[in-house]
Amino acid sequence: MKQLLLGLHIIILFHSVSLFSQEQQNNTLQGTVSFVTSSNIYVKFSSTDAISVDDVLQFNGTDCLKVTVKSSTSVVCVPINDCELQTGDTVIYTLPAVAPVTEVIEDNVDDSIPAEVAVPQTVPEEKETLYKEFITGRVSLASYNQFSDVRDDNQRLLGRVSLNANHIGGGKFSVETFLSYQNLITVADNYSGRTDIFNVYNLNVQYDFTPTLWAAVGRKINPKASVFGANDGLQVEKYFGPFYAGGIVGFRPDVFDYGFNSDLFQYGGYVGVETTNSHFRSTTTVGAMEQTNQGATDRRYLFFQHSSTIAKDLGLFVSSELDLFNPQGDVRLTNLYSSLRYRFSRYANIMVSYDSRKRIIYYETFQSQIDQILDDDLARQGFRARLNLRPIKYIWLGGSYSKRFASDQQNKSDNYFGYLTFANIPKVGGRLNGSYNLNQNNYLTSNIISVRYSRSLFKDLLYAEIYYRTAEYDYENQRTPYKQDYYGTNLNFNFARTWQFALSGEYSQFEEENNIRVYAQLTKRFRSKKNN
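Cut-off values and rules
Residues numbered from 1 in each chain as written. Predicted model: local features only at pLDDT ≥ 70, side-chain atom pairs only at ≥ 80, totals over all residues. Heavy atoms only, no water. Helix = DSSP H or I, 4+ residues; strand = E, 2+ residues; numbered from the N terminus. Buried < 20%, exposed > 50% of the residue type's maximum accessible area, 1.4 Å probe, protein only. Areas by Shrake-Rupley, 256 points an atom, 1.4 Å probe, with all protein chains shown as cover. Salt bridge = Lys/Arg side-chain N within 4 Å of Asp/Glu carboxyl O. Contact = heavy atoms within 4.5 Å. Polar contact = N/O pair within 3.5 Å; in protein donor to acceptor, adjacent residues only side chain to side chain. Phe/Tyr/Trp six-rings, centres within 6.5 Å; stacked < 30°, edge-to-face > 60°. Pairing = 2+ DSSP bridges. Core = buried A, V, L, I, M, F, W, Y, C linked by side-chain atoms within 4.5 Å. Patch = residues over 30% accessible without salt bridge, like charges linked within 9 Å, V, L, I, M, F, W, Y side chains within 5 Å. pLDDT = per-residue confidence, 0-100.

1. What to know about the overall build of the protein chain
Of regular secondary structure, the protein chain possesses two helices and 30 strands. Here the protein chain holds 532 residues, and 33% of them are scored as buried. Only carbon and sulfur atoms are counted for the fraction: they give 56% of the accessible area of the protein chain, which is about 32200 Å².

Now the structure itself:
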């Protein structure tokens with residue numbers, strides 16, 4: 001019996017030593033890719049105590065990811081060595097070899113206790129967050145003044161404030177806003193509108209529940225569904241790997257003063273997919289929106305939006321809107337726009353676009369005008385092509401052609417534009433630009449020639465520009481062409497790095513009429529980036 005117990009003890013001891021040996025040899029941590037964006041890859045671990053910023057993770061035996069930010073169970077990485085990973089892939093972190101740290105015990109009472117004890121080295125946990133604070137903003141005050149010897153003077157002040165505060169304090173809250181105030185100093189005697197105009201274009205608070213889920217409250221224009229316009233209410237968006245879905249509920253701004261209007265309730269949603277790798281990037285979104293006025297349907301439509309870039313040289317953008325609500329039961333293609341851009345090289349690029357637009361009809365808001373709008377329900381179409389070339393260093397030239405027309409061939413126009421730019425004039429410096437524009441339509445032919453010279457002075461503290469422009473307008477119902485000359489200058493002063501003062505003046509002359517325009521603007525920019 002004693003021999004049996006002794007054998008069991010030996011087996012247990014041997015098994016414990018074996019497990020300890022295996023544990024020492026298994027010096028890796030296994031993580032799973034939880035989320036992939038265009039610039040970052042998120043990896044989930046059971047614990048990240050042993051991982052530090054700038055450590056490298058491996059995929060299939062190759063160094064693929066570099067850690068930039070970590071939390072207790074997740075890390076944010078950037079890809080290296082052209083690695084491409086997807087959600088669900090498994091990556092490996094190899095623990096560094098641990099050298100024992102010797103701690104000396106000076107006061108030993110019992111000689112049987114050794115004077116030196118090996119203490120394993122531990123890596124302190126770094127308290128980092130998945131989010132980084134990044135704040136940008138701009139405040140400006142401008143004055144517009146126009147004086148004429150035959151017309152009423154026109155003067156107004158305009159102030160603007162914009163702010164994007166992303167992940168304040170490294171947390172999950174973000175704030176964005178764009179406010180505008182305009183004061184009309186001089187108005188016509190018969191003017192009955194507002195002279196003090198305050199508009200809120202953007203004002204919302206966003207909270208990121210996770211890197212793949214956010215919600216925003218306030219007035220916001222969603223970049224994934226910009227055709228919806230501003231929404232006063234709630235917006236939510238969730239990613240599922242490369243796929244995403246979002247919902248919008250709230251009120252659209254008033255169509256007349258852009259203020260809050262509780263009668264204009266709206267709700268909608270969208271789904272989409274993002275594809276990102278080293279050679280191809282694309283975003284495709286489809287959605288639907290129901291807009292009401294005092295509970296009745298005002299407009300109901302679908303939208304489609306796609307943008308993609310292939311090898312950084314070929315870009316495609318397509319957007320369309322399909323109105324579904326119509327008392328007659330018809331479906332209207334309200335908007336279709338597509339553009340294609342191709343860069344042959346650093347010295348040549350081309351862009352072509354086509355658009356077809358109809359007037360948007362809000363059936364409740366414009367009840368008294370519906371018949372008139374539908375009688376003139378023609379698609380205004382347009383085509384444009386542009387070519388830019390740089391044949392030699394410091395010289396750019398190019399041209400464009402655009403055509404506008406309607407289904408009945410009324411209000412059609414052809415526009416031709418060409419330019420030549422010397423980016424760095426020998427021995428003189430500065431930039432010289434000349435351009436010519438010809439427009440022909442049913443009732444007018446115009447010719448505009450412009451010459452501009454500009455350069456930076458005092459180590460880029462001052463940017464100065466002078467120009468001359470002459471325009472000739474030949475109306476079909478007039479015998480004598482209308483000709484006007486413009487002389488102007490623009491000055492931009494950059495001081496204290498974040499401050500800019502712009503001043504421009506223009507003098508125009510037509511026969512006995514003289515006009516002077518003066519514009520001044522003071523701008524303060526601020527930018528704060530905090531690595532948490």
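We are not done yet, so read on.
2. Considerations on the pattern of salt bridges
Within this structure, the stated rule accounts for 15 salt bridges. With a closest N to O distance of 3.1 Å, arginine 452 and glutamate 465 form a salt bridge. Of this pair, arginine 452 sits in strand S26 (residues 444–457) while glutamate 465 sits in strand S27 (residues 462–475); the two residues are 13 residues apart in sequence, bridging distant segments of the chain. Taking the relative accessible area as the measure of exposure, arginine 452 reaches 27% and is therefore partly exposed. Using a relative accessible area of 13% as the deciding quantity, one classes glutamate 465 as buried.

3. So, the environment of arginine 452
Along the sequence, arginine 452 and arginine 469 sit 17 residues apart, while their C-alpha atoms lie 8.6 Å from each other. If we ignore the near neighbours within four places in the chain, the residues touching arginine 452 are Arg431, Leu432, Asn433, Glu465, Ile466, Tyr467, Arg469 and Asn490. For arginine 452, the side chain forms a polar contact with the side chain of glutamate 465, separated by 3.1 Å.

4. A short note on the packing of aromatic side chains
Following the criterion strictly, the structure yields 23 aromatic pairs and no others. Look at phenylalanine 325 and tyrosine 363: their rings are 5.5 Å apart centre to centre, the planes differ by 80°, and that puts the pair in the edge-to-face class. Within this pair, whereas phenylalanine 325 is found in the loop between strand S19 (314–323) and strand S20 (332–345), its partner tyrosine 363 is found in the loop between strand S21 (348–357) and helix H2 (370–375), the two being separated by 38 residues in sequence. Taking relative accessible area as the criterion, tyrosine 363 reaches 7% and is therefore assigned buried. For the ring pair tyrosine 473 and tyrosine 482, a centre distance of 5.9 Å and an interplane angle of 50° mean the geometry is tilted.

5. Brief notes about the environment of arginine 390
You can see arginine 390 is positioned in the loop between strand S22 (380–389) and strand S23 (395–406). Once the C-alpha coordinates of arginine 390 and asparagine 349 are considered, the two residues, 41 residues apart in sequence, prove to be 9.4 Å apart. Among all residues touching arginine 390, those that are not within four sequence positions of it are Tyr347, Ile395 and Trp396.

6. Focus on the pairing of strand S18 (residues 296–310)
Pairing of strand S17 (residues 280–293) with S18 involves 14 bridges; the strand directions are antiparallel. Each bridged residue has a counterpart across the sheet, and for valine 286 the counterpart in S18 is phenylalanine 304. Hairpin geometry of S17 and S18 is characterised by an intervening segment of two residues between the two adjacent antiparallel strands and by a positive phi of about 55° at glutamine 294. In the sheet, S18 pairs with S19 via ten bridges, with the strands oriented antiparallel. Paired with leucine 302 across the two strands is leucine 322, which belongs to S19. Counted along the chain from S18 to the antiparallel partner S19, the turn is three residues long, and its residue alanine 311 has a positive phi close to 55°.

7. Describing the nonpolar core
Soluble globular proteins tend to bury their nonpolar side chains together. Residues Val43, Leu57, Leu65, Val75, Cys77, Leu85 and Val91 are the most contacted members of the largest nonpolar core, which totals 16 residues. It is strand S4 (residues 62–70) that contributes the most residues to this core, three residues altogether. Ignoring sequence-local partners within four residues, the contact set of valine 75 consists of Ile41, Tyr42, Val43, Phe45, Thr48, Ile51, Leu57, Val67, Val69 and Lys70. Listed in part, the 13 residues of the second largest apolar core include Phe228, Tyr239, Tyr244 and Tyr270.

8. Some details on unusual backbone geometry
Only a minority of non-glycine residues have a phi that is not negative, and only a minority of peptide bonds are not trans. Not every positive phi belongs to a glycine, and lysine 312 is a case in point at roughly 65°. Lysine 312 gets classed as exposed once you look at its relative accessible area, which sits at 66%. With a phi close to 65°, arginine 497 is a non-glycine residue in the positive phi region. Within the secondary structure layout, arginine 497 lies in the loop between strand S28 (482–495) and strand S29 (499–510).

9. Considering the pairing of S28
Two strands pair when backbone bridges link them, and S27 and S28 are joined in this way by twelve bridges, in the antiparallel orientation. Residue threonine 470 lies in a different strand from S28, and its bridge partner there is aspartate 485. Where S27 folds back on S28, the antiparallel hairpin that results is connected by six residues. Here S28 runs beside S29; their pairing, made up of eleven bridges, is antiparallel. Bridge pairing in S29 places asparagine 492 opposite alanine 502. If you look at the hairpin formed by S28 and S29, you'll find three residues sitting between the two strands, and alanine 496 has a positive phi there, around 55°.

10. With respect to the side chain of serine 319
Mapping serine 319 onto the fold places it in strand S19. Residue classification places serine 319 among the buried residues on the basis of a relative accessible area of 6%. The contacts of serine 319, once residues within four sequence positions are left out, are Val227, Phe304, Gln305, Asn335, Leu336 and Tyr337.

11. Here we look at a nonpolar patch on the surface
A surface patch of nonpolar side chains, about 870 Å² in accessible area, is lined by Phe147, Tyr468, Tyr487, Phe493, Phe495, Trp499, Leu503, Tyr507, Ile516, Val518 and Leu522. Of all elements in the fold, only S28, S29 and strand S30 (513–530) reach the threshold of two or more residues within the nonpolar patch. Exposure remark for phenylalanine 493: the relative accessible area of 31% places this residue in the partly exposed category.

12. Concerning the confidence of the model for the protein chain
Of the residues in the protein chain, 85% have a pLDDT of 70 or more, and the chain-wide mean is 83. Note on residues 1–26: pLDDT is under 50 here. Beyond four places in sequence and across chains, it has zero contacts. Long-range and interchain partners of residues 97–126, a stretch whose pLDDT sits below 50, account for 27 contacts in this model, where long-range means more than four residues apart.

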